[in-house]
Amino acid sequence: MDFLTTQLVGFGGAFLALILDPWSYVYITASMFLGIVFGALPGLTATLAVTILTGFFGNKIPLDYSLIALLGAYVGAIYGGSYPSILLNIPGTAASAATAMDGYPLARAGRGGEALGLTTTASFIGTLIGTVALLIFVGALLAVSRNIASPEKALLALFGILLSGALMSEDLVIKGWIAGLIGLAMAMVGLDPLLSEPRYTFGWSYMLSGFQVVPVLMGAFAVPQIIEGLRHVETGQMVALRGRIMPNFATIRRHLPTIGRSGLIGTGVGALPGVGEDVAGWVSYGVGKTVSKDGANFGKGSVEGLLSSETANNACIGGALIPLLVLGIPGSPPAAALLGAFKINNVIPGPTIDPEIILRVVAIMVLASLTMFIMGLFTARLFVRILRLPQTVFLPVVMVLTTIGSFSVGGGINDLYLMLGVGFVAYFMNLMKYAIAPLVIGVILGGLFDETFRRSLLISGGDLTTFVTRPGAAILLFVNVALIVSQLPFGKRLVALFTRKSA
Amino acid sequence: MSDPLTLRRRDFWTALFLMALSLFFLWKTAEIPFGNTNNAGIDSVRWYNSAAVVPFALFCLLFVLGAVLLVIAIRAGGAGGLRDLGWDRDEMRRFATIGVIMLAYIGALVPRVDFILCSALLIACLIHGYHGGHPRRMVLAAGIMGAAGVVSFGLYPAQADWRAPGDDVFVLFLLAGLLVHTQIHARGDKVARALPWIALLAPTVLICAMAFGFRQNVPARTGLIFAQIEYHYFVTLRPLWRG
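Treat the numbers as computed from the prediction; the structure is a model and nothing was measured.

Notes on helix H14 (residues 333-344) of chain A
All names here are of chain A. The end-to-end C-alpha distance of H14, which contains 12 residues, comes to 17 Å, matching closely the 16 Å that a straight helix rising 1.5 Å per residue would cover. Here H14 lies mainly inside the structure; 10 of its 12 residues are buried. Residues of H14 that are buried: Pro333, Pro334, Ala335, Ala336, Ala337, Leu338, Leu339, Gly340, Ala341 and Phe342. The positive-phi residue at the C-terminal boundary of H14 is Asn346, with phi of around 60 degrees.

As for the interface of chain A and chain B
With 63 residues of chain A in contact, the opposing surface of chain B contributes 66 residues. The largest per-residue losses of area from chain A upon contact with chain B belong to A:Leu181, A:Tyr200 and A:Leu230, which jointly make up 11% of the total buried on that side. In this assembly, chain A and chain B are joined by 3 salt bridges. Here A:Arg231 makes a salt bridge to B:Glu91, at a shortest N to O gap of 3.1 Å. Counting the contacts that link chain A with chain B gives 12 residue pairs in polar contact (both at pLDDT 80 or more). Counting only elements with at least two residues in the side of chain A that touches chain B, the list comes to helix H3 (46-57), helix H8 (173-187), strand S2 (198-199), helix H9 (213-229), helix H17 (391-410), helix H18 (413-431) and helix H19 (437-459) of chain A. For the side of chain A that touches chain B, the leading source of residues is H17(A), giving 11 residues. Among the residues forming the side of chain A that touches chain B, the class breakdown is 44 nonpolar, 8 polar and 11 charged.

Focus: the packing of helix H2 (residues 22-40) of chain A against helix H4 (residues 63-80) of chain A
Residue and element names in this part refer to chain A. The N-to-C vectors of H2 and H4 enclose an angle of 35 degrees; their axes lie 6 Å apart at closest approach. Judged by the twist between their axes, the crossing of H2 over H4 is right-handed. From H2, Trp23, Ser24, Tyr27, Ile28, Ser31, Met32, Gly35, Ile36, Gly39 and Ala40 reach across to H4, where they touch Tyr65, Ile68, Ala69, Gly72, Ala73, Val75, Gly76, Ala77, Tyr79 and Gly80. Residues belonging to the contact of H2 with H4 are distributed by class as follows: 13 nonpolar, 7 polar and no charged.

With respect to the environment of B:Arg10
Examined against the element boundaries, B:Arg10 turns out to sit in helix H1 (residues 4-29). In sequence terms B:Arg10 and B:Ile116 are 106 residues apart; their C-alpha atoms lie 40 Å from each other.

Points about the confidence of the model for chain B
Taken over all residues, the pLDDT of chain B has a mean of 88, while the share at 70 or more is 93%. Scored as a complex, the prediction yields pTM 0.87 and ipTM 0.91.

Quick notes on the rules
Residues numbered from 1 in each chain as written. Chains lettered and ligands numbered in written order. Predicted model: local features only at pLDDT ≥ 70, side-chain atom pairs only at ≥ 80, totals over all residues. Heavy atoms only, no water. Helix = DSSP H or I, 4+ residues; strand = E, 2+ residues; numbered from the N terminus. Expected span 1.5 Å × (residues − 1). Buried < 20%, exposed > 50% of the residue type's maximum accessible area, 1.4 Å probe, protein only. Contact = heavy atoms within 4.5 Å. Buried area = accessible area lost by both parts, 1.4 Å probe. Salt bridge = Lys/Arg side-chain N within 4 Å of Asp/Glu carboxyl O. Polar contact = N/O pair within 3.5 Å; in protein donor to acceptor, adjacent residues only side chain to side chain. Nonpolar A, V, L, I, M, F, W, Y, C, P; charged D, E, K, R; others polar. Axes fitted to C-alpha atoms, helices over the stretch in contact; angles between N-to-C directions. Left-handed = near helix turned anticlockwise from the far one by under 90°. pLDDT = per-residue confidence, 0-100.

Here you go:
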């Protein structure tokens, strides 16, 4: 109880400081607008919004303002993806793919305004559910995570890469793991963290400091998106927006159990390392379809279906920040970009993070959700007009933005070469259905894995049993092995047999 | 959308490439001290604290996963020639032209040419080349950016000469030519009519925000246009609000 009171008092102080600072409103409004635009325009993503803003704001302004800008864009972009899903049947972001299933039929039935009002309210409540979970669990988990030593950290980093590879892969799971391993291998470049031994530098001094996070993020997320998007696409016929965009509180009250359930699912999925908002949206939609009385109407314009996906994808944001802040392991691809922003500000998320930063993050999330709610209700028609912008017009500007952002963080031309190289590789990986998120998570967690794995061995004098003699490490090792086995043909047969028996 | 057989064909070649890459990096890893080394009579590296231990395991694992992918691809009928990889001529042209444009922009123009000018040329080329999906325009756009890149790189390959303004003038000439060309052929096309505004305003606003708002370093500060803006910002404008 004391813990909860301390957290609430701390949050109150942080929120008061935030709302009393006029600059907070400038940054949150601008970044929220930009985030919703990025989310609403098919071809741009939430990860891209956070990545580009990391390049722009990452280390140019105080960390507090930088966090306002990045979290504002993150929340806005996940919400903004619902606009084209509902009006065009094209998801603005992968996170809103499930929203289109019921949003578009609702819009075609002349209920587009109502659908947008509902998604705005659901996204607002979802973000708040995730934020409350963040406030409660981060403090508690931080206390636990202080007992985590190198073996556990190494296994957690490995788990993040394996899980992200398994869940984010569109094709074969092995491809997700290969992408994660390529990311890990990229993190090996430069001076090693324990002995300062140069690795794979090929005599180039720039490589001694390893691959910088921001150019890698820009290359992995922005460049393939730009290359893929620069093609002529006939935009579908936009459904005329009918009705007022206002929340229908009676409907919301009736569907509160659905919203609550979806919020919890979204938060839970977000808390899994490396799994993003798109998975949260689909899982919640699938659960909703199974348990809801209205399940048969899912996909035909069901309000419950719409609320299931939209609540979950926004609740996922708070969940994704939990492993990021507690362990330094991003819970989603945009959270990986946030980790990049923390790193370039010399803040290392994990057990040693300043608890004040966590309270400020929570306060910013609450302010961001309020701003999103207000902007969603009163400026929605403006965002609907932006949907008509062809991607061949805005993507060239995004390329310039990406170049400036990547250059300004490191201040060197070499970062741009790195960005382009990573971008071309990521484009071909996309083409061959390799997930990019595990690669980025591998790059980000590779250093942590290398350092903690070798430190564990160093302390134990090369004794590999250190990964099984510690209870925490043994559990994590089991989880890692179980994850791998569950993806093998033998493991899949075993899981199928088990589920058939239990059914 | 790629069908499963096309994907497996691509996987076959990717797996071979991945295995070759893993072998190359395993060979490079062998250059890092591994095992018990002795420097000037002092034991320095044992296998468990060697900088090579994680990379060695990683590339072995990558090799194994590559081999597994190869087996999956062969079993699914993906072994075969390079012809049926699902890339048609149009897609190859599109990617090749974008590749040339990006390489010319990042590799040659950004370090050497005024950033506003080269970004305006990039935006103009990309919008003109890819809006509407006309193959000839794509080739024209890539040709213009490629020419700018080759001239800039050819004139000033060494870093010491990057500040020279010769290539800036050439890029300005190309940009003006392209914008005039787009306006002549605009014929009621809203995007074509807006192109000069987008191409010139977007990089100017972004670069000024970066340089004067966030006080960040920007590429090619001494470029033809940015040097003038910077001069007038500090000499003409700033004294107005500084009194």
